[in-house]
Structure formats: C-alpha cells, structure tokens
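# Reading the structure
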Amino acid sequence: MKIKVRVSHDEDTKYASLICKKIQESAKSRGTGIAKKDPEYIKSKMINGNAVIAFYDGKIAGFSYLEVFQKEEFVVNSGLIVFPEFRKKGLARIIKVEIFQLSRKKFPNSKIFSITTSNSVIKMNTELGFKPVTFSELPQSEEFWKGCQSCTNFDILTRNKRKMCLCTGLLYEKNSSDFMIHHHQNKNEKKNYLIHGDRIVLAYSGGLDTSYCLKYLIQEEGYEVHTVIINTGGFQKKELKKIEERAFHIGAKSHKTIDSIEEFYQNCIKYLIFGNILKNNTYPLSVSSERIFQAIKIAQYATFINAKAIAHGSTGAGNDQIRFDIAFQIICPEKMTLSPIRENKISRKEEIEYLRNSGVSICWDKAKYSINKGIWGTSISGKETLTSSHDFPEKAYTTKLKRKKSENIELEFEKGELVSINKEKGKAIKNIIKLEKIASEFAIGRGIHIGDTILGIKGRVAFEASAAIIIIKAHHLLEKHILTKWQLYWKEQLSNWYGMLLHEAQYLDPVMRDIEMFLNSTQKRLTGTVHLILSPYRFHLVGIKSEFDLMKSNMAQYGEMNHAWTAEDVKGFTKILSNQMKMYHNLNKKEKNK
C-alpha cells in the first residue's frame, strides 16, 4: 500500500470531471450535501494550489479544496471526498489534516471553518481543534451562502433565515492550541504518507542510481529534496565538488558533504583490524562496513534539517537496502524511507533513458562496471560477477601494476593500531592511505568474493584492498607471537561473529559493543614491528619483533632445548593428559570382545 496526499497543481486538472462526478454521487447516496460542482471551478482550485489530492497505489482516491471569504477573514475546508473503493483505509483523516495544514500555511491569520452533516467529519474536525458554532459566527457574505443552493436541504436553510440547517458549523481560530496537542498525540498517524512539497533527504553519491532518484523525487513526486553524501574515505576533494555540482544541476534544494573518516576508523575499521576480519577468509568488508556509518550520519542529518523522509538508491536485490532501512528505522523511526529504484523495479537502461528525457545527459552507459571506493578497499561489480565461472579482467581493476621489483617494508603497531610505515610515524588513517598507495602499485590485495547476502541469495563481487589485506595479515602474525593460545582461539570465534553481524546490518545491536570491549582487551600488549616483502600481485610476511614475543621465553626453544621441565615431568604430564582417552579406548575394546 502506498498513500500519497499532496497539494494539487495544473497537471491534476484532468481529474476535475471525475471528482465532480464522485462528489455528486456521494451527495445523492447520503441524501444531503452539496450535489453539484463545476469542473472548471475545481480546475481553478487545482491550478492555484488551493486543493489537495490523494492517491492510493497510484490511483486517484480522494480530494478536498479550500475557499476564502470576506477579504480572507475566513477560509473554508470543503468538498472532502474519498472515492467509495478507497474508503475505510484512513484516507479521509489524512486528506482532512492536509487541507487544514494547507489552509493554515497559506492563510495564517484567517479563521478556518467547515460545515458538514457527516459525523465522521465532525469528529475529525473536533480532533483538529475545531469547535461547533452557530451559523451567525460563520461568514455572512452572499458568495458563501450561494454555494449551498445546489444542496437538497437548501429550503431548510432559507426557511430558518440562515440561522440553522442539518449541517453543523465548526470553527477553528488561530489562537487555539488544541490542534498542536492533538497533532503531538497522533504524530504516528502522519508518518505513512507524503504530500507535494515535503522535505526529503536523499543519500546521494553522484552515480546513476542516486541521480535517477534525485530527478524522480523532484519531477514525479514534487518533493523538496536535500542531498547528502557521507565521506568515509572514498572521495577526493575534486570528486566531492563535482558531486555537489551535479546535485544542484539536477535540482537539489541543498547539498551537504559530511566527513566521517575518523569516526569510521575509530568505530569500525579499528575493530576489523583487531579482529583480523576477512569475510569467508577472503573479503575485508570494504563496502559493507561503510554503509552502516553512512546510514547513521544520514539519519542524523535528516533529523537535523527536519526532513519528513529519507531516500536511498538501493535496488531490491542487494544488501545495502537492508543496512539503510534498519539504521533509519532505529535512529529516526518517525521518518519514512523511500527507495525509488527498488519500488519502481527499474533497470539501469531505463534509468539512463529517463534522465536523458529529463535533460540530464551524463555518459553513464559507457561505464561497464559499478565501483564503490572507500578507505578500506574498493568493490567492483560487472557482468563477470553475475556468473560463477568468469574471471575478472585486468582492465576492470581501478589500480594497475606499476612496480615489478620487490620491496621490503616495515609496519609498526602500538596496542593493535598501525602507527608507522618504514619508521615514519603517522596517524592510523594516514598510514592506511599511505600503505594503499604503495601496495596498490604492486596490484596486491585483489580478489573475487563469493558470499551469502542478507536476503539469502549468493553474491559475487571483485575487490581490491591492498592496505586492508596487508594490515590484517601483518597484525594477525604479530598476534600469533604475542597472544596466548586461548586468546587467539576465542578472538577468532568472536571476530567471526563481529564480521558477520556487521555485514548483516546488526551493528547497532549492543552485543557488538560487548565484542569490541573484548577485542580492545586483547590489544593491550599488541605492540611490535612486522617485516614484509612486497612483490607483484603478492606479499610475504617475513617476521616480527616485539618485547612481548612469547617465543623469547627462557623456558624452552621449540624442537630444541628446554630448561623448565625434566623428562620425568613430561612422562607424568602425558600420562595424566591421556587418562580419559585411555578409559574410552579400554571400554571400546571390551565392547568388541563381547
């Protein structure tokens, strides 16, 4: 179900005759009410934006308009109609609220009134803050009362000299506080629909999908769209500027770039390193780790600018739609979530055609691959990743092999964080970027990941993440020297859970904070240097140096000499260690002899 109620405009005039017909049929069936309306009169209301129109799953479903009298002293909300096939769905209340808000917005100093015989309309008006009044408190202009002439009860009105009729008069004055109280109590009723001109925040990357969404939401839905991009490390300043220009060119009301690189590192990348996390022992969660932070920031921004809904450009077959939707539902549950591509089931070809027909001509059709670049790696999708057998072509990777001679490199860690490269100190983020620049010239960190999506289908994606792969492997080697056997074992179990939950949009579950506390604890002694050799398409872990290296113990050297136990100690140890196994196998022999 999709309900859309918006302010009318000139393109709606095609519905005028149908609306007049429905008003007349409704009045006839009730035996009361204003039976006739002129389509030209209804058209004038639409063109001047003095009406609201409702749609239910794309079909016209209802209407209402406003009129002013006595030099804007009064505004009447009139002509409320819900087509019979769409009744009992809550539409009347939504239309009533919207025509009331339109009246207050356009004529803030006017008294708003309504006359009706419908008990349900009386109830809705009362909830909005209207109060029953005598006809003497309503407009006295002849123009107003002339509108009652087509009503079957007009003779009752004239016999009573306009002092009473079957209708009830209801009046709202601007000093009434009832509406605000009621509006607060019933705010959840308004979250399931949008109207023309509502403020929307769109997660905008500047690519084809989000550019289509931007144009569609403005051109087809008539929303006021504010775009926002969250930079988690995948964009240069020139790229961000170009994205901003494109947003304004297409029609965005405003555009905001929010830098979240440091927050992304501190709240996520750091733990991906601490946990040595590679999805299916292959993929460093390059894109999936970013999305949740982008979604959180977008939701916060939408709240800040008081947007009524948030839109994103995800399709209906991927993981990102889940990540966006869940974050929005948790952080700002009062806001609607829109995803035009998912809802319209539109293809890439159709998006390009729509934009071209709308005057937006950018050469998206020349781009054969979808690329998502971030500080923790780049994912690449194309026709090859839609199959199970095709290799990914060299030309499709964004970085190329430039260096063929091997190179030694030294990485230094302090409490699990990368603090220097080749003895040159720097902050973790700068070190990641620096290492990516060096290692990508060796074409290191490429791969194809096949995994399970949140929706249960299999997905295949190519990636390049030289810095992420090298840091994780170097960090893991350091851990194998410093941590105990059981620290390593339980780290692996919890790290696998952390990576899976992050991938499946569960980042905001409190268990993630619990796992992060454990991971932090394991890094207290994780300080030392790791030596590597970089070569074309691969790297080799040489070894480590650390004051906490457990191999430096004076107790013994593996396979060589020991100083902390005797031969008799080992005999006693193995005797006790094997007790349960001996009991099991002795019992097994007795069973076989029976």
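Going by the structure above, here's the rest.
Our subject in this report is the structure included herewith.

Thresholds, definitions, all that
- Residue numbers restart at each chain and count upward from 1, following the sequence in its written direction.
- Note on the predicted model: pLDDT of at least 70 is required for a residue's local features to be given, and 80 or more for side-chain atom pairs to be given and counted; whole-chain, interface and lining totals, by contrast, use all residues.
- The side-chain numbers reported here are obtained from all heavy atoms of the structure, hydrogens and water having been left aside.
- Two rings belonging to Phe, Tyr or Trp (six-membered ring only in the last case) form a pair when the distance between their centres is within 6.5 Å. Interplanar angles under 30 degrees mark stacking, angles over 60 mark edge-to-face geometry, and anything in between is tilted.
- Per the convention used, a helix needs a DSSP run of H or I reaching at least four residues, while a strand needs a run of E reaching at least two, with both numbered from the N terminus.
- Each residue is placed in one exposure class: buried if its accessible area under a 1.4 Å probe, protein chains only, is under 20% of its type's maximum, exposed if it is over 50%, and partly exposed if it falls in between.
- Placement of a positive charge over a ring is assigned whenever Lys NZ or Arg CZ falls within 6 Å of the ring centre and within 35 degrees of the normal to the ring plane.
- Pairing between two strands requires that DSSP report at least two bridges joining them.
- Axis geometry follows a simple rule: fit a line to the C-alpha atoms, using only the stretch in contact for helices, then measure angles between N-to-C directions, giving values from 0 to 180 degrees.
- Residue contacts are defined here by distance: any two heavy atoms, one from each residue, within 4.5 Å place the two residues in contact.
- Place the viewer so that the strands point away; then a crossover is right-handed whenever the path from the first strand over the helix to the second strand goes clockwise.
- With respect to orientation, any angle under 35 degrees is reported as roughly parallel, any angle over 145 as roughly antiparallel, any angle of 65 to 115 as roughly perpendicular, and every other angle as oblique.
- Put simply, a crossing is left-handed when the front helix is turned counterclockwise from the back one by less than a right angle, and right-handed when it is turned clockwise.
- Each residue gets one of three labels, nonpolar for Ala, Val, Leu, Ile, Met, Phe, Trp, Tyr, Cys and Pro, charged for Asp, Glu, Lys and Arg, and polar for the others, Gly among them.
- Put simply, a nonpolar core is a bunch of buried Ala, Val, Leu, Ile, Met, Phe, Trp, Tyr and Cys residues held in one set by side-chain atoms that sit within 4.5 Å of each other.
- We define a polar contact as two N or O atoms separated by no more than 3.5 Å, with the added condition that, inside protein, one atom must be a possible hydrogen donor and the other a possible acceptor, whereas residues neighbouring each other in sequence contribute only through side-chain atom pairs.

With that settled, consider the packing of aromatic side chains. Enumeration over the complete set of coordinates arrives at 21 aromatic pairs. Here the aromatic rings of F74 and F113 are separated by 5.9 Å at their centres, their planes lie at 90°, and the arrangement is edge-to-face. Remark: F113 occurs in strand β5 (residues 111-116) and F74 occurs in strand β4 (residues 74-82); sequence separation between them is 39 residues. Across the pair, F113 and F74 agree in class, each one buried. Above the ring of F55, the side-chain terminus of K4 is found at 6.0 Å from the ring centroid. Lying over the aromatic face of Y507, R513 brings its terminal NZ or CZ to 4.3 Å of the ring centre.

This next bit is on the sheet that holds strand β13 (residues 336-338). Taken together, the 5 strands give an open sheet; going across it, the order is β11-β10-β9-β12-β13, and neighbouring strands pair in parallel fashion. Every other strand in the sheet has two partners, leaving β11 (254-259) and β13 as the edge strands with one partner each. Along the sheet, successive strands turn relative to each other by an average axial angle of 25°, direction set aside. Sheet topology note: the strand β9 (residues 199-203)/strand β10 (residues 224-231) ladder contains 5 bridges and is parallel. Considered in β10, the bridge of R199 is made with E224. Docked against the sheet, helix α9 (residues 237-250) engages β10 and β11, running at close to 155° with respect to β11.

With 7 of its 9 residues buried, β4 lies for the most part within the structure. The turn joining strand β3 (residues 59-69) and β4, which pair antiparallel and follow one another in sequence, is formed by 4 residues; a positive phi near 55° is taken by Q70. The handedness of the β4 to β5 crossover, carried by helix α3 (residues 91-106), is right-handed.

The description of two helices packed together rests on the angle between their axes and the distance between the axes. Running from amino to carboxyl end, helix α8 (residues 208-219) crosses helix α14 (residues 348-357) at an angle of 50°, the nearest separation of the two axes being 10 Å. In terms of orientation, α8 lies oblique with respect to α14. α14 is crossed by α8, and the crossing has left-handed handedness. Along its contact with α8, which presents L208, D209, S211, Y212, K215, Y216 and Q219, the element α14 presents R348, E351, I352, Y354 and L355. Here the contact of α8 with α14 is built from residues that sort into 6 nonpolar, 2 polar and 4 charged.

Ranked by internal contacts, the top residues of the largest apolar core, which has 74 residues, are V201, I298, W376, L411 and I471. One finds Y15, I53, Y56 and I60 within the second-largest nonpolar core, a separate group that totals 41 residues.

Here we come to unusual backbone geometry. A positive phi angle, near 65°, is found at K88, a position not held by glycine. Following the sequence through the fold, K88 ends up in the loop between β4 and α3. A residue is classified by how much of its surface remains accessible, and K88, at 89% relative accessible area, is exposed.

Pairing within the open sheet is antiparallel, and its 4 strands lie in the order β14-β15-β20-β19. Since the sheet does not close on itself, it has two edges, and those belong to β14 (370-374) and β19 (446-452), each with one partner. In this sheet, adjacent strand axes meet at a mean angle of 25° when their direction is disregarded. Alignment of β14 against strand β15 (residues 377-381), held across 5 bridges, turns out to be antiparallel. Following the sheet pairing, N372 is matched in β15 by S379.

For the rest of this paragraph, the subject is the side chain of T227. Examined against the element boundaries, T227 turns out to sit in strand β10. If sequence neighbours within four positions are ignored, T227 has contacts with L202, Y204, L214, A247, A252, S254, H255 and K256.

So, about the side chain of S420. You can see S420 is positioned in strand β17 (residues 417-421). One polar contact links S420 to E412, side chain to side chain, over a distance of 2.9 Å. The contacts of S420, once residues within four sequence positions are left out, are E410, L411, E412, K425 and N431.

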